[in-house]
Amino acid sequence: MSTQSFDVIALGELLVDFTENGLSPQGNPLFEANPGGAPCNVLAMLKKLDRSCLFLGKVGADMFGDMLINVVREAGICTGCLVRDPDTRTTLAFVKTLPGGDRDFSFYRNPGADMMLTEKDVPEYPLEHCRIFHFGTLSMTHEGVRQATSKAIAHAKKGGALLSFDPNLRPPLWESLEQARTQIAYGLGQCDILKISDNELEFMTGQTDFDKGAVLLREQYPNIRLLNVTAGAEGSYSYYADQRVFVPACKLGGTIETTGAGDTFCACVLNFVLEKGLEGLTAGDLEQMLRFANTAAYLVTTRKGAIRSMPERAEVEALLDRAF
């Protein structure tokens, strides 16, 4: 267990994304084992931006667990709170890339090691000494890991951390969409910083108009101080105080798949908050934040996988002038 202080701690799933990678000579589909999982993807990008990070989660005591631990360490993320489960296999996801780069997921997680995280696996000290705590809903699909998430939130709040939330809705992993809606609502009620996709905004508000949906969320959850909506190839929106800023997506071509793009965007936003704070932000600040985040997210879409595909800061900065 670590007694360091960290810029960002993330809790949740660490898994293997098997992504399509062509056909064998026999015509069979080939899959590449890419390390992933939304919360750890976020930390991987933050490490590229020189932030200190700790991941809190669980993998199996199997070959995939070994691979994931090595990859997380290779990325420079602290693994002091990454637990091995001797009885449950590491979670796997098979990812089919659809026309346009979107994805369809098939999960092997009934159970998977990430959902076996318990309250006793959650340390108090690191959470009470971090600047931002980030979480999603895959750590709230089942009762035990849901309690672990609630404990982590409580200790992060106790220490004065900002809370960041990404719903990351994956319908196949829920017993029902109503259960998913209930747990997303819980996360919305806890966070200071929200990253939500266009389809998740519609799921929670019934609105396809982003401005109307954002108004509804901010009225219902006044704790949300910075609300960002990602709209895929269209771009992204930021809502802060009485300001609303839109920045179009980077469209330079070469998109392969969108795995990790939203997590990359989220990490760039958290890095911005670590630099600027959440007080007195201007429209110019928000535009700068979205431009950098959109560009970084674009770069990830031109590569396969997530954790090992995060761009360097210099790559993002070099592309900014061309992107906009």
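1. Quick notes on helix α4 (residues 177-188)
Link 1 in the chain: In this model, α4 (twelve residues) spans 16 Å end to end at C-alpha, consistent with the 16 Å of a helix rising 1.5 Å per residue.
Link 2 in the chain: Within α4, burial applies to Gln179, Ala180, Gln183, Ile184, Gly187 and Leu188.
Link 3 in the chain: Elements that come into contact with the buried residues of α4 comprise β8 (130-136), α3 (143-158), β9 (162-166), β10 (193-197), α5 (198-205) and α6 (210-220).

2. Topic: the pattern of salt bridges
Link 1 in the chain: By the definition in use, this model includes 16 salt bridges.
Link 2 in the chain: Where lysine 158 meets glutamate 128, a salt bridge forms, and the shortest distance between an N and an O atom there is 3.8 Å. Pair noted here: lysine 158 is in helix α3 and glutamate 128 is in the loop between β7 (103-108) and β8, with a separation of 30 residues, a long-range link.
Link 3 in the chain: Residue class for glutamate 128 comes out buried when judged on its relative accessible area of 19%.
Link 4 in the chain: Each of Lys58, Lys120 and Asp121 takes part in one network of salt bridges that share partners.

3. With respect to the nonpolar core
The tendency in soluble globular proteins is for nonpolar side chains to be buried as a group.
Link 1 in the chain: Leu14, Leu43, Leu46, Ile77, Leu226 and Leu270 are the most contacted members of the largest nonpolar core, which has 57 residues in total.
Link 2 in the chain: Excluding anything up to four places from it in sequence, isoleucine 77 contacts Cys40, Leu43, Ala44, Lys47, Cys53, Leu54, Phe55 and Val72.
Link 3 in the chain: One finds Ile9, Leu127, Phe165 and Ile196 within the second-largest nonpolar core, a separate group that totals 43 residues.

4. Thoughts on the pairing of β8
Link 1 in the chain: Burial of β8 is extensive: six of the seven residues sit out of reach of the surface.
Link 2 in the chain: Of the pairings in the sheet, the one linking strand β1 (residues 6-11) to β8 comprises four bridges and is parallel in character. Paired with phenylalanine 6 across the bridge in β8 is cysteine 130.
Link 3 in the chain: Here β8 pairs with β9 via five bridges, running parallel. Bridge assignment links phenylalanine 133 to a residue of β9, and that residue is leucine 163.
Link 4 in the chain: A crossover connection joins β8 to the parallel β9 through α3; in handedness this β-α-β unit is right-handed.

5. Brief notes about the sheet that holds strand β11 (residues 226-230)
Backbone hydrogen bonds hold the strands of a sheet together, and the pairing may be parallel or antiparallel.
Link 1 in the chain: If you trace the nine strands from one edge of the open sheet to the other, you get β5-β4-β1-β8-β9-β10-β11-β12-β13, paired in mixed fashion. A strand with exactly one partner marks an edge of an open sheet, and here the two such strands are β5 (78-85) and β13 (243-248). Shown here is a sheet whose adjacent strand axes are inclined to one another by a mean of 15°, direction ignored.
Link 2 in the chain: Bridge analysis of β11 against strand β12 (residues 235-240) gives five bridges, and the strand direction is antiparallel. Bridge pairing in β12 links leucine 227 to tyrosine 239.

6. Notes on helix α7 (residues 261-276)
Link 1 in the chain: Here α7 spans 23 Å end to end across 16 residues, near enough to the 22 Å set by a 1.5 Å rise per residue.
Link 2 in the chain: Burial of α7 is extensive: 13 of the 16 residues sit out of reach of the surface.
Link 3 in the chain: Positive backbone phi, approximately 80°, marks glycine 277, located one or two places after α7.

Parameters and conventions
Residues numbered from 1 in each chain as written. Predicted model: local features only at pLDDT ≥ 70, side-chain atom pairs only at ≥ 80, totals over all residues. Heavy atoms only, no water. Helix = DSSP H or I, 4+ residues; strand = E, 2+ residues; numbered from the N terminus. Expected span 1.5 Å × (residues − 1). Buried < 20%, exposed > 50% of the residue type's maximum accessible area, 1.4 Å probe, protein only. Contact = heavy atoms within 4.5 Å. Salt bridge = Lys/Arg side-chain N within 4 Å of Asp/Glu carboxyl O. Core = buried A, V, L, I, M, F, W, Y, C linked by side-chain atoms within 4.5 Å. Pairing = 2+ DSSP bridges. Right-handed = clockwise from strand over helix to strand, strands pointing away. Axes fitted to C-alpha atoms, helices over the stretch in contact; angles between N-to-C directions.

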